Amino acid sequence: MENLTFEFNGIHLVFGIDDKSRLLLLHCSAAPYLGADAYYKDFQTAEFRAAEVQISGGHINYGHGTKNLGTSEGAAARYRSHRIENRAGGKALVFTLYTENVEIELHYRFYDGLPVMKSYTIVKNVGATKLNLEYVSSFLLYGIGKTAQGECGSAYGNLRILTSYNSSYRENQWRLHTLDELGFVPSAPYSTTCHKAGTFNTGSWSTKQHLPKGILVNSATGENMYWHIEANGSWNCEIGDYQGCLYIALSGPDQTENQWIHTLAPGGTFTSVAAVTAYGFGDYTDMFAFVADYTRRVRRPHVDYERLPIIFNPYMHNAGEYPTEEQTLTDINGTADLDIDYFCIDAGWHDDKEDYWKAIGNWRESKLRFPHGLAPLFDRLRARGVRPGLWLELEMMGYFNPCLLYTSPSPRDQRGSR
């Protein structure tokens, strides 16, 4: 096997190209690589591929539950080339793989002075007919939690998984789990079970149960790996076992968890969501400082980052989902001495009923709640030099929205044709 070794800002990466020309990701860590013999048995790295891509109708060569391993194009992909590109503030490592159906580009982006890496995958249809994507990994790494004290099976006791549970009124609840608490037991070196753990989301409410982030803590070596997925919709983090070794797979939506399919016409391309990972030793909370620095570097320029406006929103204070003209006037008067830049009227301003979700999407002020409309309130705010704001949730439309046209089926339609 030919090894390709890289080091960017303290991140050590080792890729292997085996005798079948498959690209394997053998190592990605803050710690240097000590060689496969230090961690694994001779057969365990055989399927440590760097990417998984599944197309509809393609063979999946692992019958192990709902894991996204052994995908059709992941198994068939062969190495073509790689390159290092100079980017503003850093570098990028790009691998090109190919199958009969697709070309796959793996992008690993690095930032000067930061142990942070952004990964994403581009899939191109090189065939003559359209195909349907069912899964595309953004980042895939085998051997998490390994040590140089023999077999990677020791990772079952070494690895701790820090997960952020998140929900309305119960946000940012971080918990540190052992693998035993998540239902894992050490497996024989040749075994691959159906069990997987991790977190995922379906739909546009991307943080309704978990934040798309976490940290892997190796209690034996002191290594930490932070991860997050840059997605405002469906996303997946999958942690499981293969041949007695542990892996993590980060992605956007897939067919199994989210009923997601993306059609690619001949010549068409698809770019996965990005996965960001950070690497270090010691206190795992240091990872948040690295990622905060990364976020400040990559966010688009905006005047608000310099001006840092102060926004007052009465939702969490007193109005809740039932703002009224009287309540809003009370809040406007009550904040007269506060140095605020924006005053935002939140949910429910557009509906006469108690359950505003049923009419959501009808973005006209409620004449019951605001008999004089919103204009006089906005004028009063602007006279004070405060900008008015309104809560909108544009991706949803309620069943009783008057803008939603619905025609009941006729009796004949209900009976059906004969």
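For the structure given in this document, a descriptive report is provided here. The shown structure was predicted, so the numbers you read here are calculated from the model rather than taken from an experiment. (Residues numbered from 1 in each chain as written. Predicted model: local features only at pLDDT ≥ 70, side-chain atom pairs only at ≥ 80, totals over all residues. Heavy atoms only, no water.)

**Observations regarding the sheet that holds strand β22 (residues 387-390)**
Our working definition: When DSSP locates at least two bridges between a pair of strands, those strands are taken to pair. Segments assigned H or I by DSSP are reported as helices when at least four residues long, segments assigned E as strands when at least two residues long, and all are numbered from the N terminus. Residue contacts are defined here by distance: any two heavy atoms, one from each residue, within 4.5 Å place the two residues in contact. Axis definition: a line fitted to C-alpha atoms, over the contacting stretch in the case of helices. Angles run 0 to 180 degrees between N-to-C directions.
If you trace the three strands from one edge of the open sheet to the other, you get β20-β21-β22, paired in parallel fashion. The sheet is open, and its two edges are formed by β20 (311-312) and β22, each paired on a single side. Of the strands in this sheet, β21 (342-345) and β22 are in contact with helix α8 (residues 375-383), which crosses β22 at around 140°.

**Regarding α8**
The condition that has to hold: Buried residues are those whose accessible area, probed at 1.4 Å on protein chains only, stays under 20% of the maximum for their type, while exposed residues exceed 50% and partly exposed ones sit between those limits. Directions drawn from the helix axis to the C-beta atoms are what define this arc.
For α8, the set of buried residues is L377, F378 and L381. Projected down its long axis, α8 carries its buried residues within an arc of 95°, all on one side. Where α8 is buried, its residues touch α7 (325-334), β21 and β22. Phi turns positive one or two residues past the end of α8, at G385, with a value near 85°.

**A look at the environment of S81**
Following the sequence through the fold, S81 ends up in strand β5 (residues 78-87). Taking C-alpha positions, S81 is 7.3 Å from L97, a pair spaced 16 residues apart along the chain. Dropping the residues within four chain positions of it, S81 is found in contact with V94, F95 and T96.

**Thoughts on the pattern of salt bridges**
For the record, the criterion: Between Lys or Arg on one side and Asp or Glu on the other, a salt bridge is scored when a side-chain nitrogen of the former is within 4 Å of a carboxyl oxygen of the latter.
Across all of its chains, the model carries 14 salt bridges by this definition. Of the charged contacts in the structure, one is a salt bridge between D18 and R22, with a shortest N-O distance of 2.8 Å. On the basis of relative accessible area, D18 is assigned to the buried category, the value being 11%. According to the relative accessible area criterion, R22 is buried, its value standing at 11%. Several salt bridges share partner residues, and in doing so they unite D18, R22, E47, R49 and E52 into one network.

**Thoughts on helix α5 (residues 286-298)**
Here is the rule we go by: A helix is expected to span 1.5 Å for every residue after the first.
With 13 residues, α5 extends 19 Å between its outermost C-alpha atoms, agreeing within 8% with the 18 Å of an ideal straight helix rising 1.5 Å per residue. Regarding α5, the residues found buried are M287, V291 and Y294. Along the axis of α5, the buried positions cluster into a sector of 55°, meaning they face one direction only. Exposed residues pointing more than 90 degrees away from the buried face of α5 are listed as A289 and R296.

**Some points on unusual backbone geometry**
Even without a glycine there, the phi angle at S21 is positive, about 65°. Within the fold, S21 resides in the loop between β2 (11-17) and β3 (23-29). What makes S21 partly exposed here is its relative accessible area of 33%.

**Looking at the environment of L368**
Positionally, L368 belongs in the loop between β21 and α8. The spacing of L368 and D352 is 16 residues in sequence and 5.7 Å in space, taken between C-alpha atoms.

**Some details on the pairing of strand β19 (residues 274-281)**
Remember that side chains alternate between the two faces of the sheet whenever the strand is regular. For β19, a buried count of seven out of eight residues is recorded, marking the element as mostly surrounded by other parts of the structure. As judged from the four bridges shared by strand β8 (residues 114-125) and β19, these two strands associate in the antiparallel manner. In the sheet register, K118 faces β19, and the bridge partner there is V276. The pairing of strand β14 (residues 223-230) with β19 spans eight bridges and is antiparallel. Paired with H228 across the strands is V276, a residue of β19.

**A word on the nonpolar core**
Our working rule: Grouping buried Ala, Val, Leu, Ile, Met, Phe, Trp, Tyr and Cys residues that are joined through side-chain atoms within 4.5 Å yields what is termed a nonpolar core.
Counting residues in hydrophobic clusters, the biggest one holds 55 residues, and the most contacted among them are F15, Y108, L133, F139 and I248. Among residues more than four places away in sequence, those in contact with Y108 are F15, L25, A50, K91, A92, L93, F95, M117, K118, S119 and F139. Of all hydrophobic cores here, the second largest spans 16 residues; its members include L24, L26, L140 and Y142.

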